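Chain by chain, the residues run as shown.
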Amino acid sequence: MKSVIFVFSHHITDFNLFRNATHELLKHNIEIFLFVLRRGRLPKIAKKEMDNRIHIIPISTWKHTMIGKIFGTHLLSFITTLFYAMKHKPKVSMSPGNFPNDLSALITGAKVLQFSDDIELSFSLFIESFVATEKYVPADWSKRKKNMIYKPYTKQGAYLSKKYFSPSKRVLDEYNLKEKGYIFVREVTTKSANYRNQKELLISTISKSFPKDYQVVMSLEDKSVRHLYPENWIVLQEPVSDINSLMYYSAALVSSGDSVAREGAVLGVPSLYCGIRDMLVNQELIKLGALKKVDVNSVPEELEKIAMMSDPIAYQETMRDKVNDIYIEITDFMVERVLHYLK
């Protein structure tokens, strides 16, 4: 009889975090249920990219109001996952830390493994920890509880480390781009709790000051504001066939959101983060020089400095090696912890 595990993903970053681990776990005769929130294109992406032996279960929908999150998102997802947990009796569950879903697995006897990087959200972190068997955080943090375990990792390393990601130049042909001949831009909206105090559409305010010698490829979360950016910018229509390769071959990456900024840094691309969040998970990348947190008005000047780099390809390979050296291979570690509890 196969062992059953549950995996919970409420965001594309969380989905990417567990993607390789779930595929590796399939090699051990494990039945996997992946629960994904109905949030944007996440269910479609999951069904497209995951092995067909994995059960993809869309649950509830993402709401922006507090009442909506409590009843329309969290309560409904708890009821749904509890039903599946009672029916299938998972032995282990993995999540980025989600109290309702983890509680449903815990109630039915599962060991709950959490991998969080949002350490600044102290209240959420402590609530989540009450249902966690083991909770891993990526920075040494003085407020840790007994079951919070520090491990040097970054979520982005789970899918962008050298072991699990090899870039492909085929994606350049799709957009008629040249290696290191363009800048990758990510512009997020400020509707999420993490960015509610950030000025909306930061990069639009300096978009006309980007270096003229480079094409710009932009991942724009809210396509309705396309008119606020230069007409010659390439605005991606998600899902993109290989967005990480697009990042990899760029000359520089500029992001108003923290996740994509870290993706660029892990890939060794000179990465500028102009959002408001000061996160412990970013500190090692900043110390290393892989990531730079800057005021948005400084972005054009920083891009000019990057453009003067003599050998960007050699720089990238060196920086990518340095980043890989400071973190554990988090995918392999997750697999090891799951197998530990299935013995």
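Refer to the preceding data block for the structure.
These numbers were taken from a predicted model, which means no experiment stands behind them.

Draft legend 1. Representation of the pairing of strand β2 (residues 30-38). By the criterion of burial, β2 is predominantly enclosed, with seven of the nine residues buried. Where strand β1 (residues 3-9) and β2 come together, seven bridges link them in parallel fashion. Of the residues in β2, the one forming a bridge with F6 is F33. The pairing of β2 with strand β3 (residues 55-61) spans six bridges and is parallel. Across the sheet, the residue bridging to V36 is P58, located in β3. Read from β2 through helix α2 (residues 42-49) to β3, the crossover connection turns out right-handed.

Draft legend 2. The pairing of β1, seen in detail. The element β1 is extensively covered by neighbouring structure, given that seven of its seven residues are classed as buried. Both faces of β1 are covered, namely the face carrying S3, I5, V7 and S9 and the face carrying V4, F6 and F8. Between the parallel elements β1 and β2, the chain passes through helix α1 (residues 12-25) in a crossover that is right-handed. Summarising the sheet, β1 and strand β4 (residues 92-95) pair through three bridges and their orientation is parallel. Across the sheet, residue V7 finds its bridge partner in β4, namely M94.

Draft legend 3. Here's a closer look at the sheet that holds strand β13 (residues 291-293). Strand order in the open sheet made by the six strands is β10-β9-β8-β11-β12-β13, with parallel pairing throughout. Taken across any chain shown, the strands that pair with only one partner, and hence form the sheet edges, are β10 (234-235) and β13. Looking at chain direction, strand β9 (residues 215-220) and β10 are connected through two bridges and run parallel. Residue pairing for β10: V217 is matched across the bridge by I234.

Here is what the cut-offs are and how they apply
- Residues numbered from 1 in each chain as written.
- Predicted model: local features only at pLDDT ≥ 70, side-chain atom pairs only at ≥ 80, totals over all residues.
- Heavy atoms only, no water.
- Buried < 20%, exposed > 50% of the residue type's maximum accessible area, 1.4 Å probe, protein only.
- Helix = DSSP H or I, 4+ residues; strand = E, 2+ residues; numbered from the N terminus.
- Pairing = 2+ DSSP bridges.
- Right-handed = clockwise from strand over helix to strand, strands pointing away.

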